[in-house]
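Observations on the three-dimensional arrangement
The residues making up each chain are set out below.
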Amino acid sequence: SCLCAASVSSAQCASDELTISYQKSQLVGEAMPQIINDLTAQQAALASARDELATSKVYVDTVLRSMADSLLVIDSNLTIWSVNPSLLALLGYGEDELIGQSPGLIFGEEFAQGSIIENLLLQGSVSGIESSFLTRDGQLIPISVSGSLMQDEQGQFQGLVCVAQDITARKRMEEEKLELHEQL
C-alpha cells in the first residue's frame, strides 16, 4: 500500500517502496553478522556451562558412591529421596525399593516415634546420635547418625541429609568389656 500522494505516479510509488525495502534489508544485512556472532557466543557459553554442570554432577555422584558411610537424603515430604551404595549394601535393599518410601522403613520404631526427625528439626543438626537401622530381612544394626536440615536461599525447609556409621563392632566391644568387668 503506497502512502505517496495521488499526484505521484504509481511507478514512482513502487520505486519508493522498493528503496525503503532495500534500505531495511541492508540494515538487517549489516546487523546479521553481529547477530550471528552473538548467537554463536551464547551457544558456546551455554555449552560450556552444560559441560561444567555435567562434570560437577559426575564429581558429586562419584563422591557419594565412594563414601564408606551410609548416606540418606529425605525430602520435604519426609520421604526417602536419595541413598548411596553403602546404605543399600548395609541394609540389603535396592535403590528402587527405598526411593519414595518413609524413612520409618529403615529406622523402624525410633523414626515412628519421631526422635531423630524431632531432634533435627529443633536443633538444625545433630551429631553422633545412636539409633539403629532395620535391614530388609528384619535385623537391627546399631548406627551413629549425624544429620542436618537442608534449606533453600530463603530458609525454606527442603529436607534432611543424614550420614550413618555402622557401630556394630563398637557395640560388641562395649558388651565384651562390660562382661569382663562383671567377671572381675
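These lines cover the structure that appears in this document, whether it is placed above or below. All values reported here derive from a predicted model rather than from experimental measurement. Here the residue numbering is sequential within each chain, running from 1 through the sequence in written order. The predicted nature of this model means local features are confined to residues of pLDDT at least 70 and side-chain atom pairs, given and counted, to a pLDDT of 80 or more, with totals for whole chains, interfaces and linings taken over all residues. Neither water nor hydrogens contribute to the side-chain values; these are computed over all heavy atoms in the structure.

**A look at helix α6 (residues 115–123)**
Helical geometry note: an α-helix holds 3.6 residues per turn, so side chains three or four residues apart project in the same direction. The criterion, for reference: Buried means the residue's accessible area, taken with a 1.4 Å probe over protein chains only, is under 20% of the maximum for its type, while exposed means over 50%, and partly exposed covers the values in between. Here a helix means four or more residues in a row that DSSP labels H or I, a strand means two or more in a row labelled E, and each is numbered from the N terminus. What the arc describes is the spread of directions from the helix axis to the C-beta atoms.
For α6, the complete set of buried residues consists of I116, I117 and L120. Looking straight down α6, one finds its buried side chains confined to an arc of 95°; they lie on one side. In α6, those exposed residues whose orientation departs by more than 90 degrees from the buried face are L122 and Q123. Just past α6, the residue G124 takes up positive phi, approximately 85°.

**Quick look at the sheet that holds strand β1 (residues 70–75)**
What counts here: Strand pairing is defined by DSSP finding a minimum of two bridges between the two strands. To get an axis, a line is fitted to the C-alpha atoms, and for a helix only the part in contact is used. The angle between two axes follows their N-to-C directions and goes from 0 to 180 degrees. Any pair of residues with heavy atoms lying within 4.5 Å of one another is described as a contacting pair.
Taken in spatial order, the five strands of this open sheet run β2-β1-β5-β4-β3, and their pairing is antiparallel. The open sheet has two edge strands, β2 (80–83) and β3 (125–134), and neither has a second partner. The mean angle between the axes of side-by-side strands here comes to 30°, regardless of whether they run parallel or antiparallel. As defined by bridge partners, β1 adjoins β2 across three bridges and the pair is classed as antiparallel. Each residue of the ladder has a partner; that of I74, found in β2, is I80. In this fold α6 packs onto β1, β3, β4 (140–151) and β5 (157–166), with an angle of close to 165° to the strand it touches most, β3. In the packing of helix α7 (residues 168–183) onto the sheet, the strands contacted are β3, β4 and β5, and the crossing angle to β4 comes to about 130°.

**Things to note about unusual backbone geometry**
Its identity as a non-glycine residue notwithstanding, L78 has a phi of 60°, on the positive side. On the basis of relative accessible area, L78 is assigned to the partly exposed category, the value being 33%.

**Re the environment of L160**
Checked against the element boundaries, L160 lands in strand β5. You can call L160 buried: its relative accessible area is 0%. Taking the C-alpha atoms as reference points, L160 and T79, 81 residues apart in sequence, are found 9.8 Å from one another. If near-sequence neighbours (up to four positions away) are discounted, L160 is found in contact with L72, V73, I74, L78, I117, L120, S148, L149 and M150.

**Points about the pattern of salt bridges**
If charged atoms from side chains of opposite charge come close, those side chains can pair. Here is the rule: Here a salt bridge means any side-chain nitrogen of Lys or Arg lying within 4 Å of a carboxyl oxygen belonging to Asp or Glu.
For the coordinates displayed, the defined rule picks out five salt bridges. The partner of R170 in a salt bridge is E130, with the nearest N and O atoms 2.5 Å apart. Separated by 40 residues along the polypeptide, R170 in helix α7 and E130 in strand β3 bring together distant segments of the chain. You can call R170 partly exposed: its relative accessible area is 37%. Judged by relative accessible area, which is 37%, E130 ranks as partly exposed. Among the ionic contacts, a cluster of salt bridges with common partners joins E130, R170, K171 and E174.

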